[in-house]
Amino acid sequence: MKALGYFTTPKVTKAAYKATGLDTAKRSADILLQAIDGNYYTLWLNREIELKGRGLKERNGRIAVVTENYYEKLNAKYNVLTDF
């Protein structure tokens, strides 16, 4: 038994990558939701956003861990997209 394989499109080089609509949308979002761990949401902040209050569990640079209620408030105020 023989198997024959061939490529139908030319190989994509590193420099030939073109951004998709999803890439553009993620760059324009204010906040990216990276993970949900129980009652806590891990967020990546694309913009400088002032976060303070009881719902903020941890903040390290552009990464913030917030409670579900705090996330709902941010979701109503800012443009939030998922990053998974």
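Residues numbered from 1 in each chain as written. Predicted model: local features only at pLDDT ≥ 70, side-chain atom pairs only at ≥ 80, totals over all residues. Heavy atoms only, no water.

**Q** Help me out: how do you make sense of the overall build of the protein chain in this one?
**A** Assigned secondary structure in the protein chain consists of two helices and five strands. Secondary structure elements of the protein chain, listed N to C terminal, follow the sequence α-β-β-β-β-α-β. Projected onto its principal axes, the C-alpha coordinates of the protein chain cover approximately 65 × 30 × 20 Å. Looking at the 84 residues of the protein chain, the share that counts as buried comes to 23%. Long-range pairs, those at least 24 residues apart, make up 38% of the contacts in the protein chain between residues at least 6 apart in sequence. About 6900 Å² of surface is accessible on the protein chain, with carbon and sulfur atoms providing 53% of the total. Both charge centroids of the protein chain, one from 14 positive and one from 9 negative side chains, sit 9 Å from each other. (Helix = DSSP H or I, 4+ residues; strand = E, 2+ residues; numbered from the N terminus. Buried < 20%, exposed > 50% of the residue type's maximum accessible area, 1.4 Å probe, protein only. Contact = heavy atoms within 4.5 Å. Areas by Shrake-Rupley, 256 points an atom, 1.4 Å probe, with all protein chains shown as cover. Lys, Arg positive; Asp, Glu negative; His and termini not counted. Charge placed at Lys NZ, Arg CZ, Asp CG, Glu CD.)

**Q** Help me understand the side chain of Asp30 in this model?
**A** With respect to the helices, strands and loops of the structure, Asp30 is situated in the loop between helix H1 (21–28) and strand E1 (31–37). Of the residues examined, Asp30 reaches a relative accessible area of 17% and is grouped as buried.

**Q** In this structure, what is going on with helix H2 (residues 68–77)? I would like to understand it.
**A** Owing to its 3.6 residues per turn, the α-helix aligns residues three or four sequence positions apart on the same side. For H2, the full list of buried residues reads Tyr70, Tyr71 and Leu74. Along H2, the residues classed as buried sweep out an arc of 100 degrees about the axis, all on the same side. Exposed side of H2, more than 90 degrees from the buried face: Asn69, Lys73 and Ala76 are the residues found there. For H2, the elements touching its buried residues are E1, strand E2 (40–45), strand E3 (56–60), strand E4 (63–67) and strand E5 (80–82). (Arc of directions from axis to C-beta.)

**Q** When you look at the nonpolar core in this model, what are you seeing that I'm missing?
**A** Soluble globular proteins tend to bury their nonpolar side chains together. Among the nonpolar cores identified, the biggest contains 13 residues, and Ile31, Tyr41, Leu43, Leu51, Val66, Tyr71 and Leu74 are the most heavily contacted of them. Among the secondary structure elements, those contributing two or more residues to this core are E1, E2, E4 and H2. (Core = buried A, V, L, I, M, F, W, Y, C linked by side-chain atoms within 4.5 Å.)

**Q** Is there a simple way to explain the sheet that holds E3 in this structure?
**A** The strands making up a sheet associate through hydrogen bonds between their backbones, and the pairing can be parallel or antiparallel. The strand order E3-E4-E2-E1-E5 describes an open sheet built from five strands, whose pairing is mixed. The outermost strands of the open sheet, each flanked by one partner alone, are E3 and E5. The mean angle between the axes of side-by-side strands here comes to 30 degrees, regardless of whether they run parallel or antiparallel. Bridge count for E1 against E5 is three bridges, and the pairing is parallel. Bridge pairing in E5 places Leu32 opposite Leu81. Relative to the sheet, H2 contacts E1, E2, E3, E4 and E5, its axis offset from that of E4 by approximately 115 degrees. (Pairing = 2+ DSSP bridges. Axes fitted to C-alpha atoms, helices over the stretch in contact; angles between N-to-C directions.)

**Q** What exactly am I supposed to notice about the pairing of E4 here?
**A** Regular strands place their side chains on alternate faces of the sheet. Bridge count between E2 and E4: five bridges; the pairing is antiparallel. Residue pairing in the sheet places Tyr40 in a bridge with Thr67 of E4. Strand direction decides the pairing type here: E3 and E4, joined by four bridges, are antiparallel. Within E4, the position partnered with Asn60 by the bridge is Ile63. From the end of E3 to the start of E4, which pair antiparallel, there are two residues, and Gly61 there has a positive phi angle of about 70 degrees.

All quantities given are derived from atomic positions and should not be read as evidence of function.
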